[in-house]
Amino acid sequence: MLEQREEIAKALALSLKGKLKQSQVLELLESPPSPEMGDIAFPCFKLAPLFKKSPAEIAKELSQSVKLPAPVEKAEPAGPYLNFFLQRESIAKQTISLILKEKEKYGKGGRGKKIMVEYSGPNTNKPLHLGHLRNDSIGMAVSNLLEATGNKVIKANIANDRGIHVCKSMLAYKLFGKNSSPEKAKQKPDHFVGSYYVLYNKKAGENPELEKQAYELLKLWEKKDRRVIALWKKMNGWILQGFKQTYRRFGSRFDVWFFESKFYDKAGPLIEQGKKKGIFSKNKDGALLARLEKYGLPDKTVLRADGSRIYITNDLALTKHKFEHFRLDQAIWVVASEQNLYFKQLFKILELLGFKWAGNCRHLSYGMVFLPSGKLKSREGRVVDADAIMDEVQKLAESEIRKREGGINKKELQRRASAISLGAIKFYMLKTAAQKDLHFKPKESISFEGETGPYIQYTYARAKNILRKAKEVSLQKLLFNQLKTSEEKRLINLLSQFPSIVQKASDALSPHILCQFLIETAEAFNTFYHKHPVIQAENIELKKGRLALVQATAHVLKNGLQLLNIEAIERM
RNA sequence: GGACCCGUAGCCUAGUGGAUAAGGCACCUGCCUUCUAAGCAGGGGAUCGAGGGUUCGAAUCCCUUCGGGUCCGCCA
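Predicted, not measured: the structure shown is a model, and the values here were computed from it.

Draft legend 1. Highlighting the protein's contact with RNA strand B. Among the 66 residues in the neighbourhood of RNA strand B, the closest are listed as Y81, L289, R304, Y458 and N465. The share of sugar and phosphate among atoms of RNA strand B within 4 Å of the protein is 66%. Q339 places a polar side-chain atom, nitrogen or oxygen, 3.1 Å from a base nitrogen of RNA strand B. Mapped onto the surface near RNA strand B, the elements with two or more residues apiece are β3 (81–86), α7 (164–176), α15 (340–352), α16 (386–404), α19 (453–469) and α21 (511–531). Its residues assigned to classes, the surface near RNA strand B shows 30 nonpolar, 17 polar and 19 charged.

Draft legend 2. Representation of the sheet that holds strand β7 (residues 280–282) within the structure. One open sheet holds the three strands; their spatial order is β7-β8-β9, and the pairing between them is antiparallel. Each of the sheet's edge strands pairs with one partner strand only, and the pair in question is β7 and β9 (300–303). Neighbour-to-neighbour, the strand axes of this sheet turn through a mean angle of 40°, independent of strand direction. Together, β7, β8 (288–290) and β9 form the strand contacts of helix α13 (residues 268–276), whose direction differs from that of β7 by roughly 85°.

Draft legend 3. Highlighting the side chain of S510. One can find S510 in the loop between α20 (486–507) and α21. Given the relative accessible area of 15%, S510 is considered buried. Among the polar contacts listed, one links the side chain of S510 to the backbone oxygen of A508, at a separation of 2.9 Å.

Draft legend 4. Summary view of helix α9 (residues 189–206). Between its first and last C-alpha, α9 extends 27 Å over 18 residues, near the 26 Å set by a 1.5 Å rise per residue. Every buried residue of α9 is listed here: P189, D190, F192, V193, G194, Y196, Y197, Y200 and N201. Elements that come into contact with the buried residues of α9 comprise α7, α8 (182–185), α10 (209–222), α11 (226–250) and α16.

Draft legend 5. Examining unusual backbone geometry more closely. For K186, which is not glycine, the phi dihedral falls at a positive 55°. Take K186: it is sitting in the loop between α8 and α9. Note on K186: relative accessible area 77%, which makes it exposed. Phi at L509 is positive, roughly 50°, even though this residue is not glycine. Turning to its location among the elements, L509 is positioned in the loop between α20 and α21.

Draft legend 6. Up close: the environment of W257. Locating W257 in the fold gives a position in strand β6 (residues 256–259). Placed 77 residues apart in sequence, W257 and V334 show a C-alpha to C-alpha distance of 15 Å. Dropping the residues within four chain positions of it, W257 is found in contact with N157, A159, L240, K244 and Y247.

Draft legend 7. Seen up close, the packing of α9 against α10. Packing of α9 against α10 brings their axes to within 7 Å, and their N-to-C directions diverge by 130°. Taken together, the axes of α9 and α10 lie oblique to each other. Here α9 contributes Y200, K203 and A204 to the contact with α10, which in turn contributes L210, E211 and A214. Along the lines of polarity and charge, the residues of the contact of α9 with α10 split into four nonpolar, no polar and two charged.

Draft legend 8. Focus on the packing of aromatic side chains. The final tally for this structure, using the stated rule, is 27 aromatic pairs. When the ring of Y428 is compared with that of F440, the centres are 6.0 Å apart and the planes differ by 65°; the resulting orientation is edge-to-face. With Y428 in helix α17 (residues 410–430) and F440 in the loop between β14 (438–439) and α18 (442–445), this residue pair connects regions lying 12 residues apart in the sequence. Ring plane angle 50° and centroid distance 5.9 Å describe the contact between F525 and F528, whose orientation is recorded as tilted. On the criterion of helical spacing, the pair formed by F525 and F528 is a turn pair, its members being three residues apart in helix α21. One exposure class covers both F525 and F528, and it is buried. Linked through ring pairs, Y119, F243, Y247, F254, W257 and F259 together constitute an aromatic cluster. When the ring centre of F51 is taken as reference, the NZ or CZ atom of K19 above it lies at 5.3 Å.

Draft legend 9. Layout of empty space enclosed by the protein. One pass over the full model with this rule turns up one cavity of 30 Å³ or more. There is about 60 Å³ of room inside the largest cavity. If you trace the largest cavity, you find it lined by D39, L86, Q87, R88, I91, A92, K489, I492 and N493. Those elements giving two or more residues to the lining of the largest cavity turn out to be α5 (88–102) and α20. When grouped by side-chain class, the residues that make up the lining of the largest cavity number four nonpolar, two polar and three charged.

Draft legend 10. Highlighting α13. Buried residues of α13: L270, I271 and G274, and no others. Looking straight down α13, one finds that the buried residues subtend no more than 100° of arc, so they occupy a single side. Facing away from the buried side of α13, by more than 90 degrees, are the exposed residues P269 and K276. After α13 finishes, the residue G278 shows a positive phi value of roughly 80°.

Draft legend 11. Molecular detail of the pattern of salt bridges. Following the criterion strictly, the structure yields 21 salt bridges and no others. Notably, a salt bridge pairs R162 with E222, separated by 3.4 Å at the nearest N-O pair. Linking R162 in the loop between β5 (152–159) and α7 with E222 in helix α10, this pair joins segments that are 60 residues apart in sequence. Residue E405 is joined to R416 by a salt bridge in which the shortest nitrogen-to-oxygen separation is 2.9 Å. Here the residue E405 occupies a position in the loop between α16 and α17, and R416 occupies one in helix α17, the gap between them amounting to 11 residues.

Cut-off values and rules
Residues numbered from 1 in each chain as written. Chains lettered and ligands numbered in written order. Predicted model: local features only at pLDDT ≥ 70, side-chain atom pairs only at ≥ 80, totals over all residues. Heavy atoms only, no water. Near = heavy atom within 4 Å. Polar contact = N/O pair within 3.5 Å; in protein donor to acceptor, adjacent residues only side chain to side chain. Helix = DSSP H or I, 4+ residues; strand = E, 2+ residues; numbered from the N terminus. Nonpolar A, V, L, I, M, F, W, Y, C, P; charged D, E, K, R; others polar. Pairing = 2+ DSSP bridges. Axes fitted to C-alpha atoms, helices over the stretch in contact; angles between N-to-C directions. Contact = heavy atoms within 4.5 Å. Buried < 20%, exposed > 50% of the residue type's maximum accessible area, 1.4 Å probe, protein only. Expected span 1.5 Å × (residues − 1). Parallel < 35°, antiparallel > 145°, perpendicular 65-115°, else oblique. Phe/Tyr/Trp six-rings, centres within 6.5 Å; stacked < 30°, edge-to-face > 60°. Lys NZ or Arg CZ within 6 Å of the ring centre and 35° of its normal. 1 Å grid on protein atoms, 1.4 Å probe; cavity = no way out; pocket = protein on both sides within 12 Å on 5 of 7 lines; lining within 4 Å. Points joined across faces, edges and corners; volume = space filled by probe spheres on them. Arc of directions from axis to C-beta. Salt bridge = Lys/Arg side-chain N within 4 Å of Asp/Glu carboxyl O.

Remember that the coordinates give geometry; whether it matters functionally is a separate question.
Following this line, the structure appears as structure tokens:
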């Protein structure tokens, strides 16, 4: 579609006798609201003052004067717009042949940058929860989109494995754990550790002494007390083992893991540098503050009064390490919107420290996930656990499959239900623009009907089903002159847009753009499916043309789903 | 007190300067002896939170205001 736009822009610029340059015309070109109105539209509003005529008159005159380039069949004025109709056959041939040739590569390409996407970022005191499902869905989809547009992507996870939150779980285990273990308790190891975090908060409510004890534990940890370190290693080992199971199941993958504990004391030189430059100075209580007020941001503590480190101390050192060790062009943090200010402060401090890559830091902020009862709060146990959600939706998917296919064997049932349930969860997390808050209602939010992951998966399975049943037909020497219904034209138009949609979603770091496109494409396919028989088409040429269209649609749906980290399955 | 985000039909969303505001859920009517009904076709339902401004043209940009959310020095 791109070349056609350029050809049209060239022809229009010629007719306009230099009033607008080709590049200016190209920018004005848009798509009409519905396919019956044409393929490419030129709005004439901007020309009205130049020609001192109404936009409608200009459109009419242009329709007669413009010399149509080869792929354009006709140009029709429609009020203030001039609409171009492309030759159906050449578009169909071009689009479908390209997809059948490129297959899983269709929509991908280009050359780009080296980008690190940091996402998930669990705390090692409690299991992954609903918020991580949104975070991971976005992190994976954005990574895939960036990769598809030619970037070298490094997916990173940061385990927040030190700090007071970790000491709280440790304290509860020390006091009440009686040397138990996940094996003895027959619990998934991260849930086992998390149960002590909940226990701590319950007991601390009754006995305020516990908080002091937790801070004492933190001090001992910072002094590298042998017994505390041993306990810390044991509990972190358990919880990471549990995280890895959950990540494997959900499909979250990481190329590199960072641990806060390995960076939190590496910031010494940066602290000194900041003091020298006058960016950091002590306040009257003795804490070291980054002075940011003159830049319109609140000051930020970088060292506690007792000299111990906090999270940003670690992040300063880690970010420097990221850019220098991995030679990044860009770093992206996928983190919820409650930390918007934190990242502004972090990036400003790095800029003030004089790192020229500070401008290549980007916070991909996404809205909070709320339960009907309010904000997720794991310390009160009021949280929707990630494993529990997956189990719940898995069960729903299994029962839907059983309704349709009673005799299915158990292994196959579980495999399909896994793909469908994860497709439902991920698509739900991705189809809304990231900055919007999400109000998660367990029963209503995850559905298999309407604008959902399973709807796209179902459409793909339908397409594959046709192809399976018609497998004896060769897709060589295709003729496209028979694909002339409006349903076929609409579908082909959509398929041709896929590469530019991928590029747009990647540029904007917005997977929801791709979700919306897949919904539209699936709708277009299903409409076509109901209206036009493929295998029973009136003649062999039409059948071959339609089979090619079905095959091309299947490729686009599969490629799109995979970018969203959702499995395309052959049967539902 | 300050900063940022959100507000589109009963509910969830897309559209962020251009043609009649586009879908899904829920509700109503049809369609399974024809490629999978997790589907399709059709129907009702919106003064795009409110008020002002800019523009030939505003859901979209600017100002004011209301409602919801988040954050604001030693949590992560």
